[in-house]
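Residue-level structural notes
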Amino acid sequence: MTQYKMVKTLLTLSMGAMLSISALAKPTVMVVATGGTIAGAGASATNSATYTAAKVPVDTLINAVPQIKDLADVKGVQALQIASESITDKELLSIARQVNDLVKKPEVNGVVITHGTDTLEETAFFLNLVVHTDKPIVVVGSMRPPSALSADGPLNLYGAVALAASPESKGKGVMMFMNDTILAARDSSKRINIHTNAFDSQWGALGMVVEGKPYWFRQGVKRQTNNSEFNIEDIKGDSLPLVQITYGSDSMTPVAYEAYAKAGVKAIINAGTGNGSVPNYLVDTLRNLRQQGMIIVRASRVQDGFVLRNAEKPDDEYDWVVAHDLNPQKARLLTALALTKTNSTKELQRMFWQY
Ligand code: DGL
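What comes next is a walk through the structure. Not measured: the values here are computed from a predicted model.

**Some words on the site of the ligand**
Around the ligand lies a shell formed by Gly36, Thr37, Tyr51, Ala83, Ser84, Glu85, Gly116, Thr117, Asp118 and Ser142. Within the side chain of Thr117, a nitrogen or oxygen atom sits 2.6 Å from an oxygen atom of the ligand. Here an oxygen atom of the ligand and a backbone polar atom of Asp118 are 2.9 Å apart. Starting from 290 Å² of accessible surface for the ligand in isolation, the protein chains cover 91%.

**Points about a nonpolar patch on the surface**
A surface patch of nonpolar side chains, about 380 Å² in accessible area, is lined by Met208, Val210, Tyr215 and Phe217. You can see Val210 is positioned in strand S9 (residues 207–210). Relative accessible area serves as the criterion here: at 37%, Val210 is assigned to the partly exposed category.

**Thoughts on the packing of helix H4 (residues 120–130) against helix H9 (residues 328–338)**
Where H4 contacts H9, the axes come no closer than 10 Å and their chain directions differ by 35°. In this structure, H4 crosses over H9, and the sense of that crossing is right-handed. Contact residues: Glu121, Glu122, Phe125, Phe126, Leu129 and Val130 in H4; Gln329, Lys330, Leu333, Leu334 and Leu337 in H9. Here the residues of the contact of H4 with H9 are counted per class, giving seven nonpolar, one polar and three charged.

**Looking at the nonpolar core**
If you look at the biggest cluster of nonpolar residues, it comprises 58 residues, and the most contacted ones within it are Val99, Val111, Phe126, Leu127, Val130 and Phe352. When sequence neighbours within four positions are dropped, the list of residues in contact with Phe352 reads Val297, Val321, Val322, Ala323, His324, Leu326, Ala331, Leu334 and Thr335. One finds Val65, Val138, Leu157 and Leu206 within the second-largest nonpolar core, a separate group that totals 32 residues.

**So, the side chain of Ser228**
Examined against the element boundaries, Ser228 turns out to sit in the loop between strand S10 (213–216) and strand S11 (243–247). When sequence neighbours within four positions are dropped, the list of residues in contact with Ser228 reads Leu129, His132, Arg223 and Tyr355.

**Digging into the layout of surface pockets**
Looking at the largest pocket, its volume works out to about 330 Å³. Breaking the lining of the largest pocket down by element, the ones donating at least two residues are strand S7 (188–190), S11 and H9. Its residues assigned to classes, the lining of the largest pocket shows seven nonpolar, seven polar and nine charged.

Conventions we followed
- Residues numbered from 1 in each chain as written.
- Predicted model: local features only at pLDDT ≥ 70, side-chain atom pairs only at ≥ 80, totals over all residues.
- Heavy atoms only, no water.
- Near = heavy atom within 4 Å.
- Polar contact = N/O pair within 3.5 Å; in protein donor to acceptor, adjacent residues only side chain to side chain.
- Areas by Shrake-Rupley, 256 points an atom, 1.4 Å probe, with all protein chains shown as cover.
- Patch = residues over 30% accessible without salt bridge, like charges linked within 9 Å, V, L, I, M, F, W, Y side chains within 5 Å.
- Salt bridge = Lys/Arg side-chain N within 4 Å of Asp/Glu carboxyl O.
- Helix = DSSP H or I, 4+ residues; strand = E, 2+ residues; numbered from the N terminus.
- Buried < 20%, exposed > 50% of the residue type's maximum accessible area, 1.4 Å probe, protein only.
- Axes fitted to C-alpha atoms, helices over the stretch in contact; angles between N-to-C directions.
- Left-handed = near helix turned anticlockwise from the far one by under 90°.
- Contact = heavy atoms within 4.5 Å.
- Nonpolar A, V, L, I, M, F, W, Y, C, P; charged D, E, K, R; others polar.
- Core = buried A, V, L, I, M, F, W, Y, C linked by side-chain atoms within 4.5 Å.
- 1 Å grid on protein atoms, 1.4 Å probe; cavity = no way out; pocket = protein on both sides within 12 Å on 5 of 7 lines; lining within 4 Å.
- Points joined across faces, edges and corners; volume = space filled by probe spheres on them.

Without other data, these values stay purely geometric and don't point to any function.
What follows is the structure in structure tokens.
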């Protein structure tokens, strides 16, 4: 065998060996723990709803599901240990910065964030808007603490790691994973506060994970992650522009709106009845606030559907914005992010159509 052929054979063999090693090498998935019920502890196994959230450390969560190690090389980061209803801009920005740093590492293939379910949808939506990556980011929680009978957290965590480890999950935007179901961060929310099938989207799930294998059925069409004009790297400090929500009902008063204005709130998301309705006796209050510079966004307290522009009220004439299909809590985050770039209601409305 000539020297040339020998070198060529050796090169081919070493390439083959490298390929087989890389094929055997498991993906690296980072688990960023923030607290919540998935890390909760109850007094007894029958306490499925009475417990303390945010108790169990990340390594204990990971070690409680040894099968995860068959899916990926998993490393834990204890970013926070908090019940998610207590997350403020400070914690939200910290989570986003830590996730952003992790996805920039070449050796990291995906990130799972364990999180309380109360504001899981806000964190997932925010990451979807500000983290520029096509790597899978999966936010997962549980409705029962690990100490409870039939706890849902371990299998939720297993499925979330399977999702984050799968190459097919790339470019799908930030996902939420609960109860075997893959949900888009953009339009999924907690709709039942005491069942394990707590989360859903009116536009349907993206897919499912069954026995560690993702099955895909649809994809989102809105701007997200790499296609977003927002970037966590552009946001300085540990707070966002102050945006608050008012809740529509019968017999309302202008007191809350006026108090928000006095407190320096930059925009109000009005979770109105029906199609984002504003009672006639409050129109002047909101119009005056708009004329003083307050942004007014008409959202709806109704879980499904979307708010139409100029249908319920003359939004063009009043210079009000509509939240489209985003629920009030997500409309609040998009508006706060928008206000880091613009005060234009025209630009803000464009963002509600696009994200
Ligand atoms: N305190 C709630 C939270 O941390 C518990 C709900 C849960 O995580 O399922 O969001």
